[in-house]
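A closer look at the structure
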Amino acid sequence: MQSLKRLFRPKTIAVVGGGAWCSAVIEQCRKMGFEGEIWPVHPKAEEVAGLPAFKDVASLPSAPDASFIGVNRFVTIDIVTALAARGAGGAVCFASGFLEAEAEDAEGADLQERLLAAAGEMPILGPNCYGFINYLDGALLWPDQHGGKRVDKGVAIVTQSSNIAINLTMQTRALPVAYVVTCGNQAQTGLAAIGEALLEDDRVTALGLHIEGFGDLRAFEALALKARQLGKQIIALKVGRSAQARAATVSHTASLAGGDAGAGALLSRLGIPRLYDLPSFLETLKLMHVVGRLPSTRIATISCSGGEASLSADTAYGRDVSFPPLNDRQRSDLRAALGPMVALANPLDYHTYIWRDTEAMTRAFSAMVDPQLALTILVVDFPRADRCDASDWDCAIQSAVSVRQQTDQPVAMLATLPELLPEEVAEQLIAAGVVPMLGLPEAISAIAAAGQPLPELAHPLLLPTKTHAEPDLVPEGEAKAWLARFGLRVPRAKPARTVVAARAVAADIGYPVVLKGEGIAHKTEEGAVKLNLGSGQEVSDAAVAMPTDRFLVEEMVTGAVAELLVGVVKDPAHGFVLTLAAGGTLTEIMQDSASVLLPASDAALNAALDGLKIAPLLAGYRGAPAADRNAILRAIRSIEAYVVAEAEGLEEIEINPLLCTPTEAVAADALMRRKDMLR
């Protein structure tokens, strides 16, 4: 496919079709001061929106850089064919009724194939696409109203929802937006490719993605790499749940890794912070536009109210945002600026007696700024302009700007309520390099996202395989035998086909033993597992009571200081999801899990283990011995090695529990499902 540069930064725009939609495209370009040429195309009309019309694509003065195709789906294919033949730079396909409508219209899939063939190497957005707005150059292939204005630089936003795109243009948070792009059903050009093209514009400072589904995983890996190479930041608002990940409910792993755990693991792997609501999404983009990625999430707030100071601390509680204690230099400078009546702390209530004294306020605010902080925040809520006089707040604006100029450190002004920081004030602050932040929860979310450390570059993802047969449950003994070949430590075990044979095998292994019924997924719930059997009679009694006539007899492993679940589920949308969780009887009770995608880095695995609630048990809790961390990692790597080698046909693996002792990690139970049985 050709570069997207001509499409997104056009000097000539063709608008194909008539009616209100196409007229709106022309009108929006005019309103934004587009300096290039606009060529309406209509087979019958003499003019469209006051501009002379050309009867067809062949009649245009030259190949247009960008084209808005506002005709029905059948004619769209003909227009795309003509544009591609002329060497056009790209097109927005507005019409719907292609693959996205396959459930309602069987013709949709065929039409989409024809559309792609017609486009060839010419880039297209959509179909079922609202188009894009280039606020840098005033180029809008956009058939509707919007709320933005021309900017010299700003953030780019790409969304899979046209309505959300419209809403985002209406924000009054003073976020400078360079591009808003919708991608429709992504028949040819995907969200990641669009994002990569926008990042290449030097005037774009950061990229925000609204994602419903990822699609081409390799394209997202390329996007993340491009962002690193350019030193620019990406954030994402990921919505939706993975139905496929919830479908396989035979194991705990499938439940824990269900929903969007795979999406979260993918974004984390790519170093793309994830937001969960639109206000936080916009505030994070604004923060990254002004100061970029934060070196940490260590902050300070300074306000004239103890209530605001307490609220700041409480809002950040449990959000990976910290308020470090004041150091000696801060204390000394703050005491000199504020005198003896103010209790010095972070967050700081500086009281109100220096209000209106711009120099005193600047001294106090500057005293709080310190290199140990990623961001120093001045908490200021302005009065509503329609009923009050905000002139008394000019001192706060002047102080914030002076602090930024004098310290050259990141500074923000925060309104606890988003409506209490006027847009014109926010724009004034941005121009001076101060971050205007609207809403305390949104600001804390933005800081937590912007301060996430970039992970090390990982190996390419293990892509999900595509098989359609129903998976089979592999007998536990066979599953363990395969995993053992890849280095997993499993208990000594032998199968038995009768009760008498089970008793004989137990004597051969040596008591105590574990007896399991084969062919049952949830053994505990079905009464198909008995532990610590110390005699032949106990083995016989246990076997007779089980709902099966096939058994597995294993050595009884003792001395575990903790139990882990280690599972892998094939997620068709994101790859192979490795889940680590509290194991054994704690799995369902604690719901304590972390997920990464395979292959995983050492750092990712260690971070996942350290983030579990049972991490203190692994480290040795209250004098108890610690588990062998290296043995745990070897066990995880053994499972990973099997998955990588035998991915084709594999649906899931679950080791639960992995018995973690001071000297080893043993897979006590193993569940495996494959669509081709064992290879």
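Going by the structure above, here's the rest.
In this text, all values refer to a predicted model and were calculated from it rather than measured experimentally. (Residues numbered from 1 in each chain as written. Predicted model: local features only at pLDDT ≥ 70, side-chain atom pairs only at ≥ 80, totals over all residues. Heavy atoms only, no water.)

Moving on, we get to the overall build of the chain. Looking only at helices and strands, the chain features 24 helices and 30 strands. With respect to the principal axes defined by its C-alpha atoms, the chain has extents near 95 × 80 × 40 Å. Here the chain, with 679 residues, has 56% of them falling under the buried criterion. Of all intrachain contacts in the chain linking residues separated by at least 6 positions in sequence, the fraction that spans at least 24 positions is 71%. When the 59 basic and 79 acidic side-chain charges of the chain are each reduced to a single mean position, those positions are 3 Å apart. (Helix = DSSP H or I, 4+ residues; strand = E, 2+ residues; numbered from the N terminus. Buried < 20%, exposed > 50% of the residue type's maximum accessible area, 1.4 Å probe, protein only. Contact = heavy atoms within 4.5 Å. Lys, Arg positive; Asp, Glu negative; His and termini not counted. Charge placed at Lys NZ, Arg CZ, Asp CG, Glu CD.)

Another aspect to go through is the pattern of salt bridges. Tallying each qualifying case throughout the model produces 32 salt bridges. A salt bridge links aspartate 65 to arginine 6; its shortest N-O distance comes to 2.9 Å. Of this pair, aspartate 65 sits in the loop between β4 (51-52) and β5 (66-69) while arginine 6 sits in helix α1 (residues 5-8), and the two are 59 residues apart along the sequence. Sharing partners across several salt bridges, the network here consists of Glu476, Lys480, Lys516, Lys523, Glu554 and Asp669. (Salt bridge = Lys/Arg side-chain N within 4 Å of Asp/Glu carboxyl O.)

We now examine the packing of helix α11 (residues 278-291) against helix α17 (residues 440-450). Running from N to C, α11 and α17 cross one another at 55 degrees; their axes reach a closest spacing of 8 Å. Compared by their axis directions, α11 and α17 come out oblique. Viewed along their axes, α11 and α17 form a crossing whose handedness is right-handed. Counting all contacts with α11, which are made through Pro279, Ser280, Glu283, Thr284, Leu287 and Met288, the residues of α17 involved are Glu442, Ser445, Ala446, Ile447, Ala449 and Ala450. Residues belonging to the contact of α11 with α17 are distributed by class as follows: seven nonpolar, three polar and two charged. (Axes fitted to C-alpha atoms, helices over the stretch in contact; angles between N-to-C directions. Parallel < 35°, antiparallel > 145°, perpendicular 65-115°, else oblique. Left-handed = near helix turned anticlockwise from the far one by under 90°. Nonpolar A, V, L, I, M, F, W, Y, C, P; charged D, E, K, R; others polar.)

Spatially, β21-β24-β22-β23 is the arrangement adopted by the four strands of the open sheet, whose pairing is antiparallel. The sheet is open, and its two edges are formed by β21 (493-496) and β23 (529-533), each paired on a single side. Across the sheet, the axes of successive neighbouring strands diverge by a mean angle of 20 degrees, strand direction being ignored. Both strand β22 (residues 513-517) and β23 contribute to a ladder of three bridges, which runs antiparallel. Paired with leucine 515 across the two strands is lysine 530, which belongs to β23. Set on the sheet, helix α20 (residues 536-545) makes contact with β22, β23 and β24 (551-555); between it and β23 the angle comes to about 175 degrees. (Pairing = 2+ DSSP bridges.)

Mapping leucine 199 onto the fold places it in helix α6 (residues 191-199). Note on leucine 199: relative accessible area 1%, which makes it buried. Sequence separation between leucine 199 and lysine 226 is 27 residues, and the spatial gap between their C-alpha atoms is 8.0 Å. Leave out the neighbours within four places in its chain, and leucine 199 touches Leu207, Leu223, Ala227, Leu230, Lys232 and Ile234.

In this model, helix α2 (residues 19-31) (13 residues) spans 18 Å end to end at C-alpha, consistent with the 18 Å of a helix rising 1.5 Å per residue. Within α2, burial applies to Cys22, Ala24, Val25, Ile26, Gln28 and Cys29. Count one or two residues on from α2 and you reach glycine 33, which has phi positive near 75 degrees. (Expected span 1.5 Å × (residues − 1).)

Time to look at the environment of glutamate 200. Position of glutamate 200 relative to the elements: it lies in the loop between α6 and β12 (204-211). In this structure the C-alpha to C-alpha distance between glutamate 200 and leucine 230, which are 30 residues apart in sequence, comes to 7.8 Å. Beyond its immediate stretch of four places on either side in the chain, glutamate 200 contacts Lys226 and Leu230.

Strand order across the open sheet formed by seven strands is β9-β8-β11-β10-β12-β13-β14, with mixed pairing between neighbours. Each edge of the open sheet is held by one strand with a lone partner, namely β9 (139-141) and β14 (274-275). In this sheet, strand β11 (residues 177-182) lies alongside strand β8 (residues 132-134) in antiparallel orientation, the contact comprising three bridges. Looking at β11, one finds that asparagine 134 is bridged to tyrosine 179.

Residue proline 599 follows leucine 598 across a cis peptide bond; omega there is -5 degrees. A cis amide bond links asparagine 656 with the next residue in sequence, proline 657, at an omega value of 10 degrees. Here proline 657 lies in strand β28 (residues 650-660). Despite not being glycine, asparagine 128 shows a phi value in the positive range, around 55 degrees.

Worth remembering: the numbers are spatial, not functional.
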